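# Coordinates in review
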Amino acid sequence: MTDAALPTSQGCAACAAVPEPRGLPARPAAEIPLRRFEIALPEIHCAACITGVEHVLAGEPGVAGARVNLTLKRVAVTAEDRPGTEARLIDALEFRGYAARPLDSAALEATRTDATGRDLLARIGVAGFATMNVMLLSIAVWSGAEGSTRDLMHWVSAAIALPAIAFAAQPFFRNAIAALSARRLDMDVPISTAILLALGVSVWETLHSGAHAFFDAALMLTFFLLVGRYLAHLTRASARSAAAELAALEVRLAQRIGADGSLESVPLDALRPGDLIAVAPGGRVPVDGTIVEGRSEIDPSMLTGETMPAAVGPGAAVSAGMMNLSGPIRVRAEALGDDTLLKQIARLVETAERSRSRYASLADRASQFYSHTVNLLAAAALLGWGLATQDWRLAINIAAAVLIITCPCALGLAVPAVLTAASGRLFRQGILLKDGDAFERLARVNAVVFDKTGTLTTGRPVLTNAAELPDGALAAAAALAAGSAHPLAQAISRSAAEAGLRIAPVADLREHPGLGSEGWRGETRLRLGRAEWVGGATPVDRTAAWLRIGDATPVCLTFQDELRLEAAETIRRLRARGLSVSLLSGDAEGPVQAMAEAVGIDEWVARATPAEKVAHLQSMQAGGARVLMVGDGLNDAAALAAANVSISPSSAVDASRSAADLIVLGDRIDRVVDALALALVARRRILENFVLAFLYNVVTVPIAFAGFVTPLIAAISMSASSIVVALNAMRLGRTP
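Residues numbered from 1 in each chain as written. Predicted model: local features only at pLDDT ≥ 70, side-chain atom pairs only at ≥ 80, totals over all residues. Heavy atoms only, no water.

## Comments concerning the overall build of the protein
In terms of helices and strands, the protein carries 26 helices and 25 strands. In the protein, 68% of the contacts between residues at least 6 apart in sequence involve partners at least 24 apart. Of the roughly 32800 Å² of accessible surface on the protein, a fraction of 58% belongs to carbon and sulfur atoms. (Helix = DSSP H or I, 4+ residues; strand = E, 2+ residues; numbered from the N terminus. Contact = heavy atoms within 4.5 Å. Areas by Shrake-Rupley, 256 points an atom, 1.4 Å probe, with all protein chains shown as cover.)

Written out as structure tokens, the structure is:
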């Protein structure tokens with residue numbers, strides 16, 4: 001909806017040159033269907049932006065209407081449902097100086113997360129400000145004010161507290177109503193009851209000129225509970241759905257080849273099986289299909305996790321989301337939309353994320369018992385004192401004191417305070433915690449599963465047989481590899497540099513996409529590349545390139561992934577902690593076995609697809625294993641989500657980082673051991689906080705039940721217990 005109330009006199013410079021719209025064009029002909037498009041406008045900020053955007057869109061052919069929402073920074077456009085309409089509208093906005101991009105689910109989720117954080121901060125600010133003001137007013141009552149002065153202080157306090165709590169405590173009230181509607185009790189039910197009872201008693205005392213009102217107690221309770229809620233939100237704010245990240249790999253538009261050979265940009269839903277699609281170098285394949293023309297190299301990491309480019313040509317199968325690296329190819333579409341492998345992986349991730357979301361944290365399990373107990377104690381105090389004394393005003397005050405003093409504020413802070421302290425310490429150690437519950441799950445791990453490439457290895461190939469090559473072969477290969485971005489070519493160049501070789505350039509150096517490089521030295525032709533192109537025979541289960549100098553016998557150059565220096569020590573330390581360690585990879589048997597032997601892993605699985613990785617983890621879990629998965633590839637995303645807890649390096653693809661619970665910043669994989677050690681300490685601190693909260697209730701509840709505590713003293717006592725819990729959590733940051 002247009003925010004027409006905003007002033008138009010302070011428009012931005014980009015909007016100044018845009019004239020006022022003269023009205024939207026007439027509705028397109030009825031035979032052309034209309035479709036609603038939503039486009040994100042991240043940089044609009046004034047009413048002139050609104051006017052300018054709507055004018056630009058109104059001038060585009062086929063547009064029936066456009067409305068800008070300044071608050072959400074997006075525009076809803078009704079236009080003809082033609083292929084490429086959305087891209088054309090975005091291009092038109094970009095041409096006129098407005099930043100525009102398609103509205104995706106990940107952006108919507110990020111917006112919702114930011115809005116939740118801002119909402120909680122606003123409520124904390126209101127509750128804190130109101131608490132300070134009511135406490136100042138209460139000083140007069142505590143100092144002995146009586147009569148009309150005391151009543152005035154109570155009325156002013158009520159005027160501040162009632163609207164403040166009506167706004168600030170809404171999250172607790174909404175959750176309590178939802179829980180009661182579902183006929184269950186959670187932590188927000190006793191919280192809401194305590195706040196409302198404290199307010200009710202205070203209003204009653206104010207109306208009857210009572211000696212004490214407890215508006216400050218209700219506000220203080222709300223403030224501390226909101227702080228705990230916000231700390232819990234912070235630990236989850238960085239978590240995004242891995243399924244949303246996978247959706248970002250989908251190509252929105254494809255280049256369809258017409259019968260006359262012309263290219264047409266069409267949306268994915270306009271494609272049909274059998275269509276021919278052109279994929280340029282650097283572009284992603286939009287469908288599952290078969291290459292019918294062209295040679296290139298693709299990034300196969302979506303399936304195998306390996307960073308080594310795979311050479312493809314006519315007849316090779318490709319999958320949606322794969323990156324075309326070198327040469328143009330033409331693909332015949334075979335599977336579209338939900339039938340593609342990318343969508344199948346996304347469904348695996350979604351299923352695994354839903355399964356993990358059913359994990360019950362310590363706080364959740366404690367609340368199931370605690371909420372029932374608190375309500376029973378308050379009800380017993382009310383009925384017991386009311387029936388015994390027939391003074392129901394006294395009974396209500398005692399019940400309010402019991403409910404406030406047993407209110408789970410300390411319990412609500414027990415976990416978030418520890419997780420906040422742990423997050424800070426982890427960050428200093430180079431680890432980012434995304435999900436608070438992950439720390440509890442990490443502390444219970446008894447098995448660790450590693451991916452190979454990019455996890456135990458650097459993902460960078462190294463030449464393994466440089467010392468065995470004939471004289472001059474490495475220098476010739478390095479000359480052909482010069483300037484190439486291919487990972488194997490770069491490995492050859494590094495090896496030659498380490499050997500201190502002087503590289504003489506070759507003439508007419510050319511790179512053939514999907515095949516290799518070719519050049520000349522005088523009348524001698526040099527070739528470096530695939531076995532069938534050079535004339536060699538690729539070793540089984542070994543990454544290799546072949547070099548041929550003139551008519552000489554081709555020379556094989558073999559490569560393997562570079563092992564991380566700390567990999568073997570990390571495995572040793574994990575085993576020393578009593579954990580089982582295994583290797584799960586999509587690579588071939590030879591490299592996987594060699595890697596497992598190099599780092600000391602006895603159990604390994606090779607050639608595992610994304611679905612097979614998930615099935616393997618589920619089999620382990622069915623046998624009683626609580627699995628930590630460490631991986632980085634797109635093919636690991638579903639397994640990372642399916643594991644009990646998961647860790648991914650910061651160099652991982654977006655989908656894997658989103659699926660993981662913890663991110664290792666940098667390239668030190670031994671930080672996995674540090675995270676496990678800190679998780680055990682954090683779990684111990686959480687249990688200590690629960691014990692402190694329990695002991696606090698054991699001591700204070702009988703005193704309150706006996707009638708020796710007012711609601712105000714109960715609120716102060718409750719606040720003191722929260723501070724003790726927070727101080728105990730802060731010890732985690734100083735733990736060696």
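## A word on the packing of helix 6 (residues 170-181) against helix 7 (residues 188-207)
Taken N-terminus to C-terminus, the directions of helix 6 and helix 7 make an angle of 125°; their axes are 8 Å apart at the nearest point. With respect to their mutual orientation, helix 6 and helix 7 come out oblique. When you trace helix 6 past helix 7, the crossing you get is left-handed. Touching Phe172, Phe173, Asn175, Ala176, Ala179 and Leu180 of helix 6 are Asp188, Val189, Ile191, Ser192, Ile195 and Leu196, all from helix 7. Among the residues making up the contact of helix 6 with helix 7, the classes are represented as nine nonpolar, two polar and one charged. (Axes fitted to C-alpha atoms, helices over the stretch in contact; angles between N-to-C directions. Parallel < 35°, antiparallel > 145°, perpendicular 65-115°, else oblique. Left-handed = near helix turned anticlockwise from the far one by under 90°. Nonpolar A, V, L, I, M, F, W, Y, C, P; charged D, E, K, R; others polar.)

## Notes on helix 7
Look at helix 7: 28 Å from first C-alpha to last across 20 residues, which is about the 28 Å you get at 1.5 Å a residue. Of the residues one or two after helix 7, Ser209 is the one with positive phi, at around 55°. (Expected span 1.5 Å × (residues − 1).)

## Quick word on the pattern of salt bridges
In this structure the tally under the stated criterion is 17 salt bridges. Put simply, Glu589 and Arg607 hold a salt bridge, and the shortest N to O gap is 2.8 Å. Linking Glu589 in helix 21 (residues 589-599) with Arg607 in the loop between strand 22 (603-605) and helix 22 (610-622), this pair joins segments that are 18 residues apart in sequence. With relative accessibility at 34%, the residue Glu589 sits in the partly exposed group. Glu688 is the salt-bridge partner of Arg685, the closest N and O atoms lying 3.3 Å from each other. Of this pair, Arg685 and Glu688 both sit in helix 25 (residues 671-705), three residues apart, which is roughly one turn of the helix. By relative accessible area, Arg685 is classed as buried at 7%. Salt bridges sharing common partners tie together Arg510, Glu518, Arg525 and Arg527. (Salt bridge = Lys/Arg side-chain N within 4 Å of Asp/Glu carboxyl O. Buried < 20%, exposed > 50% of the residue type's maximum accessible area, 1.4 Å probe, protein only.)

## A look at the sheet that holds strand 12 (residues 329-335)
Strand order in the open sheet formed by six strands is 6-5-7-12-8-11, with antiparallel pairing between adjacent strands. Where the open sheet ends on each side, the last strands, each with one partner, are strand 6 (263-267) and strand 11 (317-318). One ladder, built from five bridges, connects strand 5 (residues 253-257) with strand 6; its direction is antiparallel. Within the sheet, the bridge partner assigned to Ala254 lies in strand 6 and is Val266. (Pairing = 2+ DSSP bridges.)

## A look at the packing of helix 17 (residues 473-481) against helix 18 (residues 487-498)
Between two packed helices, what matters for the description is the angle formed by their axes and the separation of those axes. Two elements in contact, helix 17 and helix 18, have axes separated by 9 Å at closest approach and are oriented at 130°. In this view, helix 17 runs oblique relative to helix 18, as classed from their interaxial angle. Like other packed secondary-structure pairs, helix 17 and helix 18 cross with a definite hand, here left-handed. Along the contact surface, helix 17 presents Leu474, Ala477, Ala478 and Ala481, while helix 18 presents Ala489, Ile492, Ser493, Ser495 and Ala496. Classifying every residue of the contact of helix 17 with helix 18 by side-chain character gives seven nonpolar, two polar and no charged.

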